[in-house]
Amino acid sequence: SGQADGDRDGVGDACDQCEGFDDLVDSDGDLLPDGCDNCPYVSNPNQADADGDDVGDVCDNCPDDANTDQASWDEQGGGDV
């Protein structure tokens, strides 16, 4: 008690893995909350992102070209080209 929970996800701010997002939602089961996961629908616990576009390599249509990917996502977790 007495610990702030700014995003009201039931995880106190001091322990919050993904502040501002619900830490309790992990759609792909890789132990990373969806809000912090660069590929929330496909397990990728190492968060590899070779081209630095914030889309995990396992979901990235062009993992070596940040200029080709767009930030939109479908329900399968893949970036749209």
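All values reported here derive from a predicted model rather than from experimental measurement. (Residues numbered from 1 in each chain as written. Predicted model: local features only at pLDDT ≥ 70, side-chain atom pairs only at ≥ 80, totals over all residues. Heavy atoms only, no water.)

Q: Just to check I follow, could you spell out the overall build of the chain for this structure?
A: Within the chain, the secondary structure is distributed over zero helices and zero strands. Counting over 81 residues, the chain shows a buried share of 32%. In the chain, 6% of the contacts between residues at least 6 apart in sequence involve partners at least 24 apart. About 5,000 Å² of surface is accessible on the chain, with carbon and sulfur atoms providing 47% of the total. (Helix = DSSP H or I, 4+ residues; strand = E, 2+ residues; numbered from the N terminus. Buried < 20%, exposed > 50% of the residue type's maximum accessible area, 1.4 Å probe, protein only. Contact = heavy atoms within 4.5 Å. Areas by Shrake-Rupley, 256 points an atom, 1.4 Å probe, with all protein chains shown as cover.)

Q: What should I look at first to understand the state of the cysteines in this one?
A: Disulfides are covalent bonds that connect the sulfur atoms of two cysteines. Within the structure shown, the criterion is met by two disulfides. Two residues, cysteine 18 and cysteine 36, share a disulfide whose sulfurs are 1.9 Å apart. Residues cysteine 18 and cysteine 36 are joined through a disulfide that is right-handed, its torsion about the S-S bond being 125°. On the accessibility criterion, cysteine 18 (1% relative accessible area) is buried. We classify cysteine 36 as partly exposed; its relative accessible area is 33%. For cysteine 39, the disulfide goes to cysteine 59, at an S-S distance of 1.5 Å. Side by side, cysteine 39 and cysteine 59 carry an identical accessibility label, which is buried. What connects to what in the chain, once the bonded cysteines are numbered by sequence position, is 1-2, 3-4. (Disulfide = S-S within 2.5 Å.)

Q: Please clarify how unusual backbone geometry should be interpreted in this entry.
A: Residues other than glycine predominantly adopt negative phi, and peptide bonds predominantly adopt the trans conformation. The backbone phi angle of arginine 8 is positive, close to 50°, even though this residue is not glycine. A relative accessible area of 75% means that arginine 8 is categorised as exposed. Of note, the phi angle at glutamine 47 is positive, near 55°, even though the residue is not glycine.

Q: Quick question: what am I supposed to make of the environment of alanine 66 here?
A: The exposure class assigned to alanine 66 is partly exposed, which follows from its relative accessible area of 33%. With 14 residues separating them along the chain, alanine 66 and glycine 52 place their C-alpha atoms 6.7 Å apart. What alanine 66 contacts, discounting residues up to four positions off in sequence, is Asp51 and Asp53.

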